Amino acid sequence: MANPIILQGYLMFEREQEQITNEIRSILAQHPYPKAKIEWNPIPFAGKWGISTSFFQLAAQWAREQRAAGHTPLPVPQLAAQIASRVRELLSLPSGFQRVEAVNGYLNLYFDPLEFTRRVVDTVLEQGERFGWGEPTGKRILVEFSQPNTHKAFHVGHLRNVVLGDALCNILEAAGNEVIRANYINDTGLHVIKWLWNYQKYHAGEEPGEDKTRWMGDLYAEANRRLEENPELESEVRQLYARWDQRDPEILALWEKSRQWSLEGFEQIYAILGVRFDHIFYDHELEKPGQELVEELVRKGIAIDERPRGPVIVRIDELLGLEKETYRVLVILRSDGTSLYSTKDLVLALKKFELFNPDLSVYVVDVRQSLYLQQIYKTLALMGHPDWAERCYHFSYEVVNLPGNVTIASREGTVVLLEDLIREARQRALEVVREKNPHLSAQEMEEVARVVALGAIKYPMLARDATKIVTFDWNAALDFNGQAAPYIQYAHVRANSILRKMETPLPPSVLPTYELHPTEIQLIDWISRLPGEVQKAAQEMRPLYLTNLAYELARAFNDFYAECPVLKADENMRAARLRLVAAAKQALANLLRMLGIVPPEVM
RNA sequence: GCCCCCGUAGCUCAAUGGACAGAGCAUCUGACUUCGGAUCAGAAGGUUGUGAGUUCGAAUCUCGCCGGGGGCGCCA
């Protein structure tokens, strides 16, 4: 490892940590202990404040060596305690720290709270919106997410993908990477043909109203219903598919028109959600290149052409020489020559590298496609691009179910449409803001309701691990109290409220001269962890770390708010606390923005 | 048959292999003539599904079992 010193939590104090680490090393080197790596953690006690390391690993190693040499060492915990107190005796107190203690095998270094406070607050206020952002890594990361189907509805299951993908992009960017936000819109396929069939036969000449996506989805559901009730109509759909394949001008024109309706609907949705893309790939552009690629793979002997009796396949395990079934067989072209998802995904995988040459190509796709994506990556390697295949990464997440473990399915009508959810949430938020803040203008109320509702909707998608199934439930989605986005937004609003009433410019940097209140210490502690948590969230691709921090930060601020007067405090305390409030507001705002949630000024 | 994920308080979920397993919701009790009560304080709630193993130390890592969900040749 290039950097054996693991610094966590307090990135702002890297230099001091490194200095102390070196000093501990040289102290240990004076004893016959084996080499050990020194890891730092925040002291886990509430109201206590500093960094901590333990000597258990070193003690265990030492004990093993002693035993091997025929000695009987002390029990490990006692040894660790012994080492800790020896280090504690020899360690000089570094500047910025108040005291060092050795307890239970741990070495705890407590920050000088006043000095630390000034340093954290000054850093946040100097860096402003950039607080939490990392140094450029020089890496380019392409993230494909959302991937909607035209001619279909947009429901809460799709929402998790968009919300996660968007937050992931923000986080990777904040960590110092160049991020390319890519969408892949599926505008061809059997679902489109079904829609066209239904439209032509029963809705010819109709146009969508305000809510385009809903209308498109309704017609799609209707098509499925009609076909289920009268299966003999399937032949008409097959005929239509044939006309599409032959690029019949009439069908092509209808496809173009209806596709456009869906695209416009998607734009509306992305605008509401506040999500943007740098590049959009379309299914129809990949169809032909995909078919050509398949032919090439057959020629090269990578794919096996079983037509006309069977499809074109890639026997991945066989090609890799794997005995145990692992990647199995990937079908890359239908026996009638029409394309599949895989036909296009192989081309798309190549195209991404040809166009952008990313260091990492991320696919935000739900967990059910894990095997499929591994097959795509392996095939990419077999096609002669093992280097690219290694740079592909499946960001997998679990699905959104309805209560009772009911799967959301657009065909069975068990959907909660995104439009409905947003409308309901806005309505509910509007009622609350009318009650809580009646002096706002109607326009302000609408705006507040909008950002609060969206925050509330997005939060549950981000606040649980991606491997956990989200159960959508109306009551929980519309509950704005407790562990939810509005709670965090409210802390931001309260901070803003104090700053608004300040009436003077924000005081310059100040060293507090009073004893800090425990809630102040806790608040500063969480603020100081932001840069480190951003790095961690990016490295492990877990937005959850930031929702956790945002919630803790908000909670700490609300505690502080209840315990510590700011505006009415005496001079030094007032100045220091005003700056702390400003720093807390900034940290909350930065976190919320990374999560794709708007921090409101009032609510 | 093979593979993947989940199991922590009544419910929804947290917890880099570390110090007493923490929040919210729900339930009960309280908050000063002070910056916004979408808030705060307190009570109650646990053999981390189960049995072994690794380790100084396991909710976390390994294996078995139980329960739930998902994926495995022409769906996307």
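Values in this document were obtained by computation on a predicted structure and should not be read as measured data. Every chain begins its residue count from 1, and numbering advances along the sequence as written. To read the labels, note that chains go from A and ligands from 1, taken in the order they are written. Confidence filtering applies because this is a predicted model: local features only for residues at pLDDT of at least 70, side-chain atom pairs given and counted only at 80 or more, and all residues used for totals across whole chains, interfaces and linings. The side-chain quantities take in all heavy atoms of the structure and omit both hydrogens and water.

*Asks:* How do you make sense of the overall build of chain A when you look at a structure like this?
*Replies:* Helix and strand assignments follow DSSP, with helices taken as H or I runs no shorter than four residues and strands as E runs no shorter than two, numbered in order from the N terminus. Within chain A, the regular secondary structure consists of 22 helices and 15 strands. Considering only C-alpha atoms, chain A reaches an extent of 85 × 75 × 40 Å along its principal axes. Within chain A, the fraction of its 603 residues that count as buried is 54%. The contact definition used throughout considers only heavy atoms, calling two residues in contact when any of these lie within 4.5 Å. The contacts of chain A with a sequence gap of at least 6 include a subset with a gap of at least 24, amounting to 75%. All accessible-area figures derive from a Shrake-Rupley calculation using a 1.4 Å probe, and residue coverage is judged against the displayed protein chains alone. Total accessible area on chain A stands at roughly 28,000 Å², and carbon and sulfur atoms take up 49% of it. We treat Lys and Arg as the positive residues and Asp and Glu as the negative residues; His and chain ends play no part in the count. Positions of charges follow a simple convention, taking NZ of Lys, CZ of Arg, CG of Asp or CD of Glu. Taken as two groups, the 68 positive and 81 negative side-chain charges of chain A have centres that lie 3 Å from each other. The classification of residues rests on relative accessible area computed with a 1.4 Å probe and restricted to protein chains. Under 20% of the type maximum is buried, over 50% is exposed, and intermediate values are partly exposed.

*Asks:* Would you explain the pattern of salt bridges in this entry?
*Replies:* When the charged atoms of two side chains with opposite charge come close together, those side chains can pair. Just to be clear on terms, a salt bridge is a Lys or Arg side-chain nitrogen sitting within 4 Å of an Asp or Glu carboxyl oxygen. Throughout the structure, instances matching the rule amount to 33 salt bridges. Ionic pairing is found between Asp305 and Arg307, a salt bridge with its closest N-O pair at 2.9 Å. Residue Arg307 is classed as partly exposed on the basis of its relative accessible area of 26%. Overlapping salt bridges bring together Asp211, Arg214, Asp420 and Arg423 as one network.

*Asks:* I keep staring at the domain arrangement of chain A and nothing clicks. Help me out?
*Replies:* Many descriptions give the size of an interface as the accessible area lost when the pieces come together. An automatic or database domain assignment supplies the residue ranges for each domain. Looking at the assigned domains, one finds that chain A contains domain 1 (4-111), domain 2 (140-407) and domain 3 (450-594). One C-alpha centre belongs to domain 2, the other to domain 3; they are set 39 Å apart. The partner domain 3 presents 25 residues to the 26 residues of domain 2 that form the contact. For the pair domain 2 and domain 3, the summed buried surface comes to about 2,200 Å²; carbon and sulfur atoms form 73% of the total. Summed over both partners, buried area is the accessible surface (1.4 Å probe) that two parts give up on being assembled. When the area that domain 2 buries against domain 3 is broken down by residue, the three leading residues are Arg160, Val163 and Ile171, summing to 25%. Residue assignment for the side of domain 2 that touches domain 3 shows that the elements contributing at least two residues are helix H5 (156-174), helix H9 (249-273), strand E11 (360-366), strand E12 (392-397) and strand E13 (400-402).

*Asks:* Would you mind going over the environment of Val347 with me for this structure?
*Replies:* Mapped onto the elements, Val347 comes out in helix H12 (residues 341-356). Distance from Val347 to Gln291, taken between C-alpha atoms, is 9.2 Å for residues 56 residues apart in sequence. For Val347, the contacting residues outside a window of four places in its chain are Leu286, Pro289, Gly290 and Leu293.

*Asks:* In this structure, what is going on with the environment of His155? I would like to understand it.
*Replies:* Here His155 lies in the loop between strand E5 (140-144) and H5. Along the primary structure His155 and Val415 are separated by 260 residues, whereas in three dimensions their C-alpha atoms are 6.3 Å apart. Not counting residues within four places of it along the chain, the set of residues in contact with His155 comprises Ile408, Val415, Val416, Leu417 and Leu418.

*Asks:* What is the right way to read the protein's contact with RNA strand B from this model?
*Replies:* We call a residue near a molecule or strand whenever a single non-hydrogen atom of that residue lies within 4 Å of it. Lining the immediate environment of RNA strand B, one finds 69 residues, of which Asn41, Tyr106, Lys436, Lys468 and Cys564 sit closest. When atoms of RNA strand B within 4 Å of the protein are sorted by moiety, sugar and phosphate together comprise 58%. Between Gly482 and RNA strand B, the recorded distance is 3.4 Å, taken from a backbone N or O atom to a phosphate oxygen. Think of a polar contact as two N or O atoms within 3.5 Å of one another; within protein, one of them needs to be a possible hydrogen donor and the other a possible acceptor, and neighboring residues in sequence only count if both atoms come from side chains. Within the backbone of Tyr561, an N or O atom sits 2.8 Å from a base nitrogen of RNA strand B. Counting residues per element, the ones that place at least two in the surface near RNA strand B are helix H2 (56-68), strand E4 (106-111), strand E9 (312-315), strand E10 (329-333), helix H15 (418-436), helix H18 (485-500) and helix H21 (544-563).

*Asks:* Hey, could you run me through helix H3 (residues 76-90) in this one?
*Replies:* The periodicity of an α-helix, 3.6 residues per turn, causes residues three or four positions apart to be oriented the same way. Its 15 residues place the ends of H3 21 Å apart at the C-alpha level, agreeing with the 21 Å of an ideal helix rising 1.5 Å per residue. Looking at the buried residues of H3, the elements they touch are helix H1 (14-29), H2, strand E3 (97-103) and E4. One less than the residue count of a helix, multiplied by 1.5 Å, gives the span that helix is expected to have.

*Asks:* Could you clarify how one ought to interpret the sheet that holds strand E15 (residues 470-471) in this entry?
*Replies:* Sheet strands pair via backbone hydrogen bonds, and the direction of the pair is either parallel or antiparallel. DSSP-based pairing: two strands are paired if at least 2 bridges between them are found. Within the open sheet, the 3 strands sit side by side as E14-E13-E15. Their pairing is mixed. Each edge of the sheet is formed by a strand with only one pairing partner; in this case those strands are strand E14 (406-407) and E15. In terms of strand pairing, E13 meets E14 through 2 bridges, oriented antiparallel. Each bridged residue has a counterpart across the sheet, and for Asn401 the counterpart in E14 is Thr407.

*Asks:* Would you explain the state of the cysteines in this entry?
*Replies:* As used in these notes, a disulfide is a covalent bond between sulfur atoms, one from each of two cysteines. The term disulfide is used for any two cysteine sulfur atoms that are within 2.5 Å. Following the criterion strictly, the structure yields 0 disulfides and no others. Cys169 forms no disulfide, and the closest cysteine sulfur to it belongs to Cys392, at a distance of 16 Å.

*Asks:* What am I meant to see in the packing of helix H4 (residues 113-127) against helix H22 (residues 571-594) here?
*Replies:* Working note: a packed helix pair is described by the angle between its axes plus the distance between those axes. An axis is simply a line fitted to the C-alpha atoms; with a helix, the fit covers only the stretch in contact. Between two such axes, the angle follows the N-to-C directions and lies from 0 to 180 degrees. For the pair H4 and H22, interaxial distance at closest approach is 9 Å and the crossing angle is 55 degrees. By the criterion of interaxial angle, the relationship of H4 to H22 is oblique. Crossing of H4 over H22 shows left-handed handedness. Along its contact with H4, which presents Val121, Asp122, Val124 and Leu125, the element H22 presents Arg579, Leu580, Ala582, Ala583 and Gln586. The class makeup of the residues in the contact of H4 with H22 is 6 nonpolar, 1 polar and 2 charged. The scheme is simple: roughly parallel for angles under 35 degrees, roughly antiparallel for over 145, roughly perpendicular for 65 to 115, oblique for anything else. Left-handed is the label given to a crossing in which the near helix is rotated counterclockwise from the far helix by less than a right angle, and right-handed is the label when the rotation is clockwise. Polarity classes work like this: nonpolar for Ala, Val, Leu, Ile, Met, Phe, Trp, Tyr, Cys and Pro, charged for Asp, Glu, Lys and Arg, and polar for all others, with Gly in that last group.

*Asks:* Whenever I open this one, the packing of H5 against helix H16 (residues 442-462) confuses me. Can you help?
*Replies:* Following both chains from N to C, one finds H5 and H16 inclined at 80 degrees, their axes separated by 9 Å at the closest point. When the axes of H5 and H16 are compared, the pair comes out roughly perpendicular. Residue-level contacts link Val156, Leu159, Arg160, Val163, Leu164 and Ala167 of H5 to Ile457, Lys458, Met461 and Leu462 of H16. For the contact of H5 with H16, the residue count by class is 8 nonpolar, no polar and 2 charged.

*Asks:* Honestly, unusual backbone geometry in this entry has me stumped. Any pointers?
*Replies:* Peptide bonds are, in most cases, trans, and in most cases residues other than glycine have a negative phi. A cis geometry characterises the amide bond from Arg307 onward to Pro308, with omega recorded as 0 degrees. Among the secondary structure elements, Pro308 is positioned in the loop between strand E8 (304-305) and E9. One non-glycine residue, Asn104, lies in positive phi territory at about 55 degrees. A residue is classified by how much of its surface remains accessible, and Asn104, at 60% relative accessible area, is exposed. With a phi angle near 55 degrees, Arg328 is a residue other than glycine that sits in the positive phi range.

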